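Residue-level structural notes
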Amino acid sequence: MKTIDIRILDQRLYAQLPAYATTGAAGLDLRACLDAPLTLEPGATTLVPTGIAIHLADPTLAAMLLPRSGLGHKHGIVLGNLVGLIDSDYQGQIFVSVWNRGQQPFKIEPLERIAQMVVVPVVQVGFNVVESFSESERGDGGFGSTGKH
Ligand SMILES: O=c1ccn([C@H]2C[C@H](O)[C@@H](COP(=O)(O)OP(=O)(O)OP(=O)(O)O)O2)c(=O)[nH]1
């Protein structure tokens with residue numbers, strides 16, 4: 001198992017520390033490190049601090065921030081950037097862009113689990129500039145070119 005360095009920037013999270021040891025779940029829940037509840041109006045987006053910083057260090061790793069299923073499906077609380085990408089050399093606090101795409105105001109409580117993070121492998125490639133590609137079955141067909149069934 002790989003380990004990565006994590007800094008706890010918000011003292012309140014020390015109570016949650018066991019959750020930052022691996023649990024077998026794909027995603028690590030990220031908490032809204034707010035001082036007071038924050039109401040997000042329909043259509044509004046806000047940047048929420050998570051109280052943690054990670055240093056992946058290895059360029060073949062990245063972390064992705066994703067919505068929590070229940071919040072997204074039931075309340076329309078998703079990410080303003082749709083997916084957040086954490087670079088392997090980023091060392092700052094992780095922020096979540098929280099977007100209320102729903103119809104109702106949504107109150108974010110301090111330390112509420114607001115999004116999740118998953119560490120993913122990244123293949124480092126070099127680009128070989130060419131004039132044309134060797135033939136493939138699909139060619140340039142895309143965007144529904146194969147029909148519905
Ligand atoms: O949801 C996110 C997305 C990014 N980041 C941090 C980590 C990431 O490594 C850094 C830069 O993200 P990105 O490259 O996606 O942002 P950019 O808009 O291209 O800005 P930059 O010029 O800083 O690369 O911001 C977050 O904390 N939360």
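The rules behind these values
- Note on numbering: residues in each chain are counted from 1, in written sequence order.
- Local features in this predicted model are restricted to residues of pLDDT 70 or higher, and side-chain atom pairs are both shown and tallied only at a pLDDT of 80 or more, whereas totals for entire chains, interfaces and linings draw on every residue.
- Note that the side-chain values use all heavy atoms of the structure and ignore hydrogens as well as water.
- UniProt positions are given in the numbering used here, feature names are shortened, and annotations may be inferred rather than shown by experiment.
- Secondary structure elements are taken from DSSP: a helix is a run of H or I of four residues or more, a strand is a run of E of two residues or more, and numbering for both begins at the N terminus.
- Near, as used in this document, describes a residue that has one of its heavy atoms within 4 Å of the molecule or strand being considered.
- Within 3.5 Å is the distance limit for a polar contact, defined as a pair of N or O atoms, with the added protein rule that one can donate a hydrogen and the other accept it, and that residues adjacent in sequence qualify only through two side-chain atoms.
- To be clear on the numbers: accessible area is Shrake-Rupley with a 1.4 Å probe, and residue cover counts the displayed protein chains and nothing else.
- A pair of strands counts as paired when DSSP detects no fewer than two bridges linking them.
- Geometry is summarised by axes, namely lines fitted to C-alpha atoms with helices restricted to the contacting stretch, and by angles between N-to-C directions that run from 0 to 180 degrees.

Some points on the UniProt feature "binding site: substrate" (unreviewed entry) in the chain
Per the UniProt annotation, the sites labelled "binding site: substrate" (unreviewed entry) are R68, S69, G70, N81, L85, I86 and D87. An extended arrangement is adopted by the annotated residues: their sequence extent is 20 residues, and the largest C-alpha distance between any two is 26.5 Å. Relative to the assigned elements, N81 resides in the loop between β6 (77–79) and β7 (84–86). With respect to the helices, strands and loops of the structure, I86 is situated in strand β7.

Digging into the site of the ligand
Taken together, the neighbourhood of the ligand is formed by L65, N81, G84, L85, I86, D87, Y90, Q93, I94 and F95. Side-chain polar atom of D87 to an oxygen atom of the ligand: 2.6 Å apart, as the coordinates give it. F95 places a main-chain nitrogen or oxygen 2.8 Å from a nitrogen atom of the ligand. For the ligand, whose accessible area on its own is 570 Å², the fraction buried by protein is 48%. Only β7 and β8 (93–100) provide two or more residues apiece to the shell around the ligand.

Concerning the sheet that holds strand β1 (residues 5–8)
Strand order in the open sheet formed by four strands is β1-β4-β8-β6, and the pairing between neighbours is antiparallel. Sheet topology places β1 and β6 at the edges, where each strand pairs with a single neighbour. Sheet twist, expressed as the average angle between the axes of neighbouring strands with direction ignored, equals 45 degrees. As paired elements, strand β4 (residues 45–55) and β8 share six bridges and run antiparallel to each other. Paired with A53 across the bridge in β8 is Q93.

Quick look at the sheet that holds β7
With respect to topology, four strands assemble into an open sheet ordered β2-β10-β5-β7, the strand pairing being antiparallel. Among the strands making up the open sheet, the edge pair consists of β2 (28–31) and β7. Averaged over all neighbouring strand pairs, the angle between strand axes comes to 30 degrees, with direction disregarded. Here strand β5 (residues 61–66) pairs with β7 via three bridges, running antiparallel. Within β7, the residue paired with L65 across the bridge is G84.

Quick word on unusual backbone geometry
Most peptide bonds adopt trans geometry, and most residues besides glycine take a negative phi value. Notably, L111 is not glycine yet its phi reads approximately 70 degrees, a positive angle. Along the chain, the position of L111 falls in the loop between β9 (106–108) and β10 (113–121). The phi dihedral of F143 falls on the positive side, at around 50 degrees, and the residue is not glycine. Counting through the fold element by element, F143 comes out in the segment after β10.

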